[in-house]
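Observations on chain architecture
Next come the chains, spelled out residue by residue.
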Amino acid sequence: MDANGAVRLGRPGQDWAGLVPLVEVTATGHGRMWSGERFIETAIGDRLTYLSHETVQDRGRERTTIRLADSATGLAADVTLEARPGSRFLRARVRLANEGGSALRLESVSTLTLGGIVDAGGGLDDLTLHWADNDWLAECRWRQDAFRKRVVPLSRSAHGHEGRGCFERYSQGSWSTGRHLPVAGLTDSEGRAWLWQIESSAGWRFETGEREGAAYVALFGPDDAHHQWHHTLAPGEEFHTVPAVLVHTETGGLDAAFGELTDYRRSIRRAHPDHRALPVIYNDYMNTLMGDPTTERLLPLIEAAGAAGAEVFVIDAGWYDDDAQGWWDAVGAWEPAARRFPGGLQEVLDAIRAHGMTPGLWLEPEVVGVRSPLAGTLPPEAFFRRGGLRVTEHGRHHLDLRHPAARAHLDEVVDRLVGEWGVGYLKLDYNINIGPGTENGSESPGAGLLGHHRAHLDWMASLLDRHPDLVLENCGSGGLRMDYAQLAVAQLQSTSDQQDLLRYPPIAAAAATAVTPEQAAVWAYPQPDHTLDEIAFTLTGALLGRVHLSGFINLMSEEQAGLVRSAISVYKELRPELGGAHPFWPLGLPAWEDAWIAHGLRGQGATFLTVWRREPGNAGTPDSNGPDRNGSADTDRTLTIPHLRGAHVQPTVLHPTTADAAVKWDADAGLLTVSLPRENTAVLLRLGSDAVDSAR
């Protein structure tokens, strides 16, 4: 707190000038002190002064609430900062209350701001910025660049002012991760890391830049400039920001920070038995039935999936399709298609149970096709609207789950599927980006989207309250809504719709940056026309996540089917380690075209490591992740495993034995050399150590 009573958050010992206010608020008529692209240095943020604070202990966490006030507007801000003894995370939320006499039109509110990340002087030259691009079929593409290449050094002394720009990333529309992950970080050459995450499906933005010679970070939910969000706060009303978290580690770089973030993610999600059981899931969609299921096609797949060791069988899209014009723009009623299931869908569900598996179904609950009867029977207010018109996107309307009729409809659907039909797994998909949101009365579109988003989370939680063993998979055309607002409620996350087995490795390897390993659903789609190397390649990539098996395994030879069974058996042996393991990347986070990719999990009993070798034709040209590390046709690659240095390690090939992999361990240097003599092969290793595995 400074001499004027303003509260600022920063590194201990940092020069006060580099810090930023604890809360930054822009409101119409109360903008910024210095105009530009940045959302810091706001007039209200500068005026907010300390009133009081309170610290409480709650279920092993320490929660401090700092109360601030702006005497000019009567705006009060309660900033809640949450930590856990021994941890390295700080979670934040902000509650704004209008205690003045006039309404305030909010345009942006920060959840967390942190200044003074490095010392003034040369510290900024030592920072590296890390962020992730995201797209359909190309999720979790991490990039890095020198901080100084993205935040240009200026001669402040010559101008008397800060710069006007910053490095920013933000979401657009209702796909929260359609462009980028809401996760990014800074590292320095000493191994220190600052990693942050914003938990919102309804708009988010982060910025980092320079203030008074030091780096700062500011984390936001939706705002007016990027998400058409503004919120009128009348006297006596409140507004709550979306949560955000910052992780800081002193050593170990990004690997250590992602380990801390993984533990944090586990701590905020809803408890569920699926996180311990981690059943193997077969889904009939990917590279298999592709939305065209029938009883005749499903029964052989069900038998083969059960024989392979699957424990859940999901009938994906199309089970409701009884329309000659196609199902895409007719969905909404979620009734089984009689022509697809002559003996009834229940016959297929019973067959799944008879083969020892839990039945699952695909559902896209938030949309109603333009040709669906529900488009005319539900009230207009139950749908997204803008300018008084119902929004249409790719042949669909969008439900607003704040409306009781929309929620009642979906409650009836799920209670029928789960309570009457005995379905135990729902894949909840989301295949349109509806844009900035909905206008319910005078609200802004972004405020409408945030309201629906919060109602959607509440609806999912209510399903699990009524059906505690039900498993919910969060899917957004793959990984386009992969955020921890959703994943604190849902049990699994689809990582991609990628159908090319050679393109999946960088997604599978980097998925643990976005989601805990035990929630990361990775496709494995072996086919009878694949070689044994191809079958092993697609299976191996899923074994350190949640196996989503697919493919026409019913048509395989005994040798091919045996390779599938072997992979599933290996997974079942190692899965008890997944729920407490921490990810690491011995070759760094993968670039999209890398030929060699490595992803490991550091468990309590052992370290597990997946290594892929793709053909050099996939290596392309170097990108901003660094030099051309992976474009050679070498048959071996040496990886650094720092946490096992000095340990007696016995590397074991878990899967597959057909890759002809060779492994050599140098304990003194902590180096593991992996040889894969053929291109487009992969191997899963267990690195057992009696001295180091149990240490973090």
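One can find the structure itself at the top, above this paragraph.
Across its full length, the protein holds 15 helices and 38 strands. Relative to the globule expectation of 26 Å for 696 residues, the C-alpha radius of gyration of the protein, 26 Å, shows essentially globular dimensions. Seen along its three principal axes, the alpha-carbon backbone of the protein occupies a region of about 75 × 70 × 45 Å. Among the 696 residues that make up the protein, the fraction classed as buried is 61%. Here the contacts in the protein between residues at least 6 apart in sequence split such that 70% fall between residues at least 24 apart. For the protein, the computed accessible surface area is about 24,300 Å², with 49% contributed by carbon and sulfur atoms. Between the centroid of the 63 positive side chains of the protein and the centroid of its 91 negative side chains there is a distance of 3 Å.

Let's shift gears to the packing of aromatic side chains. Inspection of every chain in the model, using the stated rule, returns 19 aromatic pairs. Relative to Trp585, the ring of Phe258 lies with its centre 5.6 Å away and its plane at 70°, an arrangement referred to as edge-to-face. One end of the pair, Phe258, is in helix H5 (residues 253-268); the other, Trp585, is in the loop between strand E31 (582-584) and strand E32 (596-602), with 327 residues separating them in the sequence. Pair check on accessibility: Phe258 and Trp585 agree, each one buried. Ring-pair connections join several aromatic residues into one group, and the members of that group are Trp319, Tyr320, Trp327, Trp328, Trp334, Trp362 and Trp421. Geometry around Trp34 places Arg164 over its ring, the cationic atom sitting 3.9 Å from the centre. If you follow Arg481 out to its NZ or CZ, it ends over the ring of Tyr430, 3.8 Å from the centre.

With respect to the element layout, Phe167 can be found in strand E11 (residues 167-170). It is 5.5 Å that separates the C-alpha atoms of Phe167 and Glu207, two residues lying 40 residues apart in sequence. Discounting chain neighbours no more than four positions away, the residues touching Phe167 are Leu129, Trp131, Arg150, Val151, Phe206, Glu207 and Thr208.

Further remarks concern the nonpolar core. Core analysis: the largest hydrophobic core is formed by 157 residues, its most contacted members being Phe313, Ile315, Trp319 and Leu426. Among the elements that make up this core, the one with the highest residue count is helix H12 (residues 445-466) (ten residues). In contact with Leu426, not counting residues within four places along its chain, are Leu361, Val414, Leu417, Val418, Leu470, Val471, Leu472 and Glu473. Listed in part, the 27 residues of the second largest apolar core include Trp142, Tyr264, Ile268 and Ala520.

A separate point is the side chain of Arg385. Of note, Arg385 is situated in strand E23 (residues 385-386). For Arg385, which is buried and forms no salt bridge, the nearest opposite charge comes from Glu381, at a distance of 4.6 Å. If near-sequence neighbours (up to four positions away) are discounted, Arg385 is found in contact with Pro380, Arg390, Val391, Thr438, Glu439 and Asn440.

Okay, the state of the cysteines next. One pass over the full model with this rule turns up zero disulfides. For Cys140, which is in no disulfide, the shortest distance to another cysteine sulfur is to Cys475 and amounts to 13 Å.

Side chains that carry opposite charge are capable of pairing whenever their charged atoms lie near each other. Evaluation of the coordinates by the stated rule reveals 49 salt bridges. Residue Asp323 is joined to Arg371 by a salt bridge in which the shortest nitrogen-to-oxygen separation is 2.8 Å. Linking Asp323 in the loop between strand E20 (312-315) and helix H9 (345-354) with Arg371 in the loop between strand E22 (367-369) and helix H10 (374-377), this pair joins segments that are 48 residues apart in sequence. In this structure, Arg353 and Asp350 form a salt bridge, with 2.9 Å as the shortest nitrogen-oxygen distance. Taken together, the residues Arg353 and Asp350, both in helix H9 and three residues apart, mark about one turn of the helix. The class of Arg353 is partly exposed, set by a relative accessible area of 32%.

Rules behind the numbers
- Residues numbered from 1 in each chain as written.
- Predicted model: local features only at pLDDT ≥ 70, side-chain atom pairs only at ≥ 80, totals over all residues.
- Heavy atoms only, no water.
- Helix = DSSP H or I, 4+ residues; strand = E, 2+ residues; numbered from the N terminus.
- Rg over C-alpha atoms; globule rule 2.2 N^0.38 Å.
- Buried < 20%, exposed > 50% of the residue type's maximum accessible area, 1.4 Å probe, protein only.
- Contact = heavy atoms within 4.5 Å.
- Areas by Shrake-Rupley, 256 points an atom, 1.4 Å probe, with all protein chains shown as cover.
- Lys, Arg positive; Asp, Glu negative; His and termini not counted.
- Charge placed at Lys NZ, Arg CZ, Asp CG, Glu CD.
- Phe/Tyr/Trp six-rings, centres within 6.5 Å; stacked < 30°, edge-to-face > 60°.
- Lys NZ or Arg CZ within 6 Å of the ring centre and 35° of its normal.
- Core = buried A, V, L, I, M, F, W, Y, C linked by side-chain atoms within 4.5 Å.
- Salt bridge = Lys/Arg side-chain N within 4 Å of Asp/Glu carboxyl O.
- Disulfide = S-S within 2.5 Å.

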